[in-house]
Amino acid sequence: MKREASFLNSSIGMKVIMAITGIMLVGFVVGHMAGNLQIYLPAHDGVRPLDDYAVFLRTMLHGGGIWIARGGLIVATALHVWAAVRLTKMNRDARPVAYHAPVYKASTLASRTMRVSGAILAIFVVFHILHFTVGKFTPFEEGKVYQNVVTGFQVPWVSGFYILAMLCLASHLRHGIWSLMQTLGFNHPRYNDLRLKLATAITALVVLVNISFPLAVLFGYVKLS
Ligand code: HEM
């Protein structure tokens, strides 16, 4: 009984950590997508709004702002992964004898593949930072963010990889948002439908806008000068 109570407490604790860090990561992804929308704005006085925005990010709070944001993002990601690993281990330990065949009760493909989609997203983020922040894989010029994004997405395999990663993000984000709302108490059966609609709407917005960037470049709608 005591063992059960402590399992429940720490399992809930892990879920709350996942939910709070999940909100921070969703916030980043939505904000990042909104900032990147400036790729569609025309240049004024020869300056691309996306490049201006990058300068703002690097200079806000005397250059400290971006490091505060990066620090928060790194801590949130580390805690999110740590809690996911602990939760998986707790669930396994609570059932020492494995099921003969997997039992999929009230679960979806997205919920069963959260660890796989999460791992693919982690690989994507490492690739993405090496690509657009460090300047690997495609032509790169420091500070020319608009130009780097266009020349990057002009390479079909790069665009293809981003689009696949965004499909993975769709699966992870929709189940993640749905599940974090449940953890935070928004779990009355009356709200189930609303929860799913909200998770689907946020996910569709982020993923469709993100996919539009490589497609707009590949089809020549967004181009250099
Ligand atoms: C097609 C969609 C995306 C585009 C066009 C895009 C574009 C960019 C660009 C241009 C940068 C470099 C910004 C700069 O140097 O000022 C960047 C950085 C970054 N992006 Fe994205 N991004 C996309 C999706 C994502 C997604 C889905 C995630 C997270 C899951 C993400 C996470 C990051 C991170 C962590 C950085 C590094 C921020 C930093 O510390 O400077 N991006 N992105």
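Scroll up a little and you will see the structure.
These figures come from a predicted structure and were not determined experimentally. (Residues numbered from 1 in each chain as written. Predicted model: local features only at pLDDT ≥ 70, side-chain atom pairs only at ≥ 80, totals over all residues. Heavy atoms only, no water.)

(A) View of the overall build of the protein chain. Helix and strand counts for the protein chain stand at eight helices and zero strands. Ordered by position in the sequence, the α and β elements of the protein chain form the string α-α-α-α-α-α-α-α. Overall size of the protein chain, expressed as C-alpha extent along the three principal axes, is 70 × 40 × 35 Å. The buried share among the 225 residues of the protein chain stands at 31%. Of the roughly 14300 Å² of accessible surface on the protein chain, 70% is carried by carbon and sulfur atoms. (Helix = DSSP H or I, 4+ residues; strand = E, 2+ residues; numbered from the N terminus. Buried < 20%, exposed > 50% of the residue type's maximum accessible area, 1.4 Å probe, protein only. Areas by Shrake-Rupley, 256 points an atom, 1.4 Å probe, with all protein chains shown as cover.)

(B) Main features of the site of the ligand. Near the ligand there are 20 residues, and of these H32, N36, R58, R70 and H128 occur at the shortest range. Within the side chain of H32, a nitrogen or oxygen atom sits 2.8 Å from a nitrogen atom of the ligand. With respect to the ligand, the side chain of R70 contributes an N or O atom lying 2.5 Å from an oxygen atom. In terms of residue count, the dominant contributor to the shell around the ligand is helix α5 (residues 114–134) (six residues). Grouping the amino acids of the shell around the ligand by side-chain chemistry returns 13 nonpolar, five polar and two charged. (Near = heavy atom within 4 Å. Polar contact = N/O pair within 3.5 Å; in protein donor to acceptor, adjacent residues only side chain to side chain. Nonpolar A, V, L, I, M, F, W, Y, C, P; charged D, E, K, R; others polar.)

(C) Structural view of the coordination of the iron atom of the ligand. Around the iron atom of the ligand, the protein contributes the donor atoms H32 (NE2) and H128 (NE2), which lie 1.9 to 2.0 Å from the metal centre. Judged by relative accessible area, which is 34%, H32 ranks as partly exposed. (Donors = N, O, S within 2.8 Å, 3.2 Å for Na, K, Ca; no water.)

(D) Geometry of the packing of aromatic side chains. Tallying each qualifying case throughout the model produces 13 aromatic pairs. A ring pair is formed by F124 and F161, whose centres lie 6.3 Å apart and whose planes are at 40°; its orientation type is tilted. Highlighted residues: F124 in helix α5 and F161 in helix α7 (residues 156–183), separated in sequence by 37 residues. You can call F124 buried: its relative accessible area is 8%. For F161, a relative accessible area of 28% puts it in the partly exposed group. Ring centres of F186 and Y191 lie 5.0 Å apart, and the angle between their planes is 15°; on these two criteria the pair is classed as stacked. (Phe/Tyr/Trp six-rings, centres within 6.5 Å; stacked < 30°, edge-to-face > 60°.)

(E) Seen up close, the pattern of salt bridges. Going through the model one piece at a time under the given rule, you end up with two salt bridges. Here D93 and K89 are joined by a salt bridge, their closest N and O atoms 3.0 Å apart. Of this pair, D93 and K89 both sit in helix α3 (residues 65–93), four residues apart, which is roughly one turn of that helix. For D93, a relative accessible area of 42% translates into the label partly exposed. (Salt bridge = Lys/Arg side-chain N within 4 Å of Asp/Glu carboxyl O.)

(F) How the structure looks around helix α8 (residues 192–218). Between its first and last C-alpha, α8 extends 39 Å over 27 residues, near the 39 Å set by a 1.5 Å rise per residue. Among all positions of α8, only R195, A199, T203, V206, V207, V209, N210, I211, F213, P214, A216 and V217 are buried. Of the residues one or two after α8, G220 is the one with positive phi, at around 80°. (Expected span 1.5 Å × (residues − 1).)

(G) Structural context of a nonpolar patch on the surface. A contiguous nonpolar surface patch, about 640 Å² in accessible area, is contributed by V125, V126, I129, L130, V134, F137 and W157. At five residues, the largest contribution of residues to the nonpolar patch is made by α5. Of note, W157 is situated in helix α7. Look at W157 and you get exposed, because its relative accessible area is 52%. (Patch = residues over 30% accessible without salt bridge, like charges linked within 9 Å, V, L, I, M, F, W, Y side chains within 5 Å.)

(H) Molecular detail of α5. Its 21 residues place the ends of α5 28 Å apart at the C-alpha level, agreeing with the 30 Å of an ideal helix rising 1.5 Å per residue. Of the residues trailing α5, G135 is marked for its positive phi of about 100°.

(I) The arrangement of the environment of P214 in detail. Position of P214 among the secondary structure elements: in helix α8. A residue is classified by how much of its surface remains accessible, and P214, at 1% relative accessible area, is buried. On a C-alpha basis, the gap between P214 and W67 in space is 28 Å, while along the polypeptide they are 147 residues apart. Among residues more than four places away in sequence, those in contact with P214 are F153, S159 and I163. (Contact = heavy atoms within 4.5 Å.)

Functional significance is not addressed by these values, which are geometric in nature.
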